[in-house]
Amino acid sequence: MGSIEAILKRIEAGTADLIPREKLIAKLNHSLETGKPLRVKLGIDPSAPHLTLGHSIPLRKMRLFQDLGHTGVLVVGDFTRRIGDPSGCLSARGLMTQEEIRQNMETYKEQAFKILNPERTEVRYNSEWLGLLTFADVIELASKYTVARMLERDDFAKRFAENRPISVLEFLYPLAQAYDSVAVKADIELGGNDQRFNLLIGRDIQREYGQEPQVIITVPLLIGTDGVRSMSQSVGNYVGINEPPREMFGKLMAIPDSLIHDYFFYLTDVPYEEVKNLPPRDAKRQLAGEIITMYHGKEAADAAREEFDRVHIRRERPSEVSQVTIDRSLVKDDGTIWVIDLLQASGLVKSRGEAKRVISQGGVRINDERVSSIDLDLPFDPPILVQVGKRSFAEAV
RNA sequence: GGAGGGGUACCGAAGUGGCCAAACGGGGCGGACUGUAAAUCCGUUGGCAGCUGCCUACGGGGGUUCGAAUCCCUCCCCCUCCA
């Protein structure tokens, strides 16, 4: 148990905002004195069944609080999710049924508990309380905030100025989220940087409902593997914490070198200084190893690294190549098979057009030999190792 | 209720009768390079057909035309302004 300053330092590491700092100190002290754990809230969107490394940042922060003896409260936005798209300007993301949400949450929890301490975690669904509000209650809630204050939000201000639409729902959304804080009596709310405004409204609304306002802690949004946009599943530039180690390793090796620092800093406990002087490739290998160890264990990480070295550095075939049974009717009377048929049957290409294209680009190898022409019949003598590009393999049998 | 703008491939966005399977950018894929699935550069990016022929495609449906993403009718959807 360190001093408050030491604790604070750990809490503050890697945060974007901590508002207000002195209230956090007061809350921590109060908790120490009374032995009453603080309630640390994190809202989660149930539409995403997979957790990404981006999610891991606030979750890791929550875990820190748990290690300090506090309670993590995961608030599943099932009610808000059923109402519709919070971002408004995009088309609705498809409404989900309660059942789908429950299912997502099961897999979600399983993943979240790789980071969190289940003993100190409460999972709550916001339909528990939002579903009970009457229209009068909603009006009351809405009366507690003004349009002017809503328009303080950068995104709203901009759209308002540019005559772009803002739906009323979008005003209700932060209020609903703020009400969640009232309902779970949050002492602290965690969130991504983009949530700052919403979290701040939570403070005002809690005050209106006679509660002590929560302290808000935001963490930066992690840049995705493309090095440009925030990590998100819809964009596809993500690494899921539940992904097979091999995939994680590959994706992490593929991040732009410029991201190495942030990934070490926000996703691992390894100080960046330790790898600062390594060549980027080696730093990334270590990064991937660290992260996979966290979510799959050391053995899996070692295996994944070995596999990567094997395929990409030594250019050997992977240790396990999936087998594909070839439909014998493709084998001609003379016992040969046309490469195009073989490629398509092996499932490595989506169409025969792609098969031809990829051959003409020199990307196809059969039994380690590059195929130079699409007019190739080869003896069907299984097993045949088929390779497209650097990393797609299949064994035709 | 009125006026106007718009719906194009995975995404963004050009194209307003044939030269359009559709510019350009992003993404994806392949190659070169690199002891990285990084960066950079080059190529490629609807399907079928084993030699350039067919099919599907520019919000849906119908029509005009030798020929339509482009013109007309109609329906659906989105947006802006005025009320």
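Residues numbered from 1 in each chain as written. Chains lettered and ligands numbered in written order. Predicted model: local features only at pLDDT ≥ 70, side-chain atom pairs only at ≥ 80, totals over all residues. Heavy atoms only, no water.

Participant: Which residues make up the packing of aromatic side chains, and what values do they have?
Facilitator: For the structure on display, the rule yields three aromatic pairs. The interplanar angle of 45° and the centroid separation of 5.3 Å between the aromatic rings of Phe249 and Phe308 together place this pair among those described as tilted. Taken together, the residues span a long stretch of sequence, with Phe249 in helix H12 (residues 245-253) and Phe308 in helix H15 (residues 298-313) at a distance of 59 residues. Across the pair, Phe308 and Phe249 agree in class, each one buried. The side chain of Lys251 reaches across the aromatic face of Tyr238, ending 4.6 Å from its centre. (Phe/Tyr/Trp six-rings, centres within 6.5 Å; stacked < 30°, edge-to-face > 60°. Helix = DSSP H or I, 4+ residues; strand = E, 2+ residues; numbered from the N terminus. Buried < 20%, exposed > 50% of the residue type's maximum accessible area, 1.4 Å probe, protein only. Lys NZ or Arg CZ within 6 Å of the ring centre and 35° of its normal.)

Participant: Describe the layout of surface pockets, and please don't skip the residues or the numbers.
Facilitator: Put simply, the second largest pocket is a space of about 620 Å³. Lining the second largest pocket are 23 residues; nearest its centre among them are Arg60, Lys61, Phe265, Thr268 and Asp269. Looking at the lining of the second largest pocket, the elements that each hand over two or more residues are helix H3 (53-67), helix H13 (260-267) and helix H14 (280-296). It is H3 that contributes the most residues to the lining of the second largest pocket, six residues altogether. (1 Å grid on protein atoms, 1.4 Å probe; cavity = no way out; pocket = protein on both sides within 12 Å on 5 of 7 lines; lining within 4 Å. Points joined across faces, edges and corners; volume = space filled by probe spheres on them.)

Participant: How would you explain the side chain of Ser56 if you had to name every residue and give the values?
Facilitator: Of note, Ser56 is situated in helix H3. In this structure Ser56 comes out as buried when scored by relative accessible area, which is 1%. Polar side-chain contacts of Ser56 include one of 2.6 Å to the backbone oxygen of Leu53. Contacts of Ser56, omitting those with residues within four sequence positions, involve Ile115, Leu267 and Tyr295. (Polar contact = N/O pair within 3.5 Å; in protein donor to acceptor, adjacent residues only side chain to side chain. Contact = heavy atoms within 4.5 Å.)

Participant: Talk me through helix H1 (residues 4-12); I want residue IDs and the actual numbers.
Facilitator: Among all positions of H1, only Ile4, Ile7, Leu8 and Ile11 are buried. End-on view of H1: buried residues confined to an arc of 100°, all on one side of the axis. The exposed residues of H1 that point more than 90 degrees off its buried face are Glu5 and Lys9. Of the surrounding secondary structure, the elements contacted by the buried residues of H1 are strand S1 (17-19), helix H2 (21-34), H3 and strand S6 (215-219). Two residues or fewer past H1, Gly14 is found with a positive phi of approximately 75°. (Arc of directions from axis to C-beta.)

Participant: Describe in detail the protein's contact with RNA strand B, supporting the description with residues and values.
Facilitator: Within the structure, RNA strand B sits among 37 residues, and Ala254, Arg281, Lys284, His312 and Arg352 are positioned closest to it. A share of 63% of the atoms of RNA strand B within 4 Å of the protein falls on sugar and phosphate groups. In the model, a sugar or linking oxygen of RNA strand B is placed 2.4 Å from a nitrogen or oxygen of the Arg281 side chain. For the surface near RNA strand B, the elements supplying multiple residues, two or more each, are H12, H14, H15 and helix H17 (352-360). Top element by residues in the surface near RNA strand B is H17. It accounts for four residues. In terms of residue class, the surface near RNA strand B is built from twelve nonpolar, ten polar and 15 charged. (Near = heavy atom within 4 Å. Nonpolar A, V, L, I, M, F, W, Y, C, P; charged D, E, K, R; others polar.)

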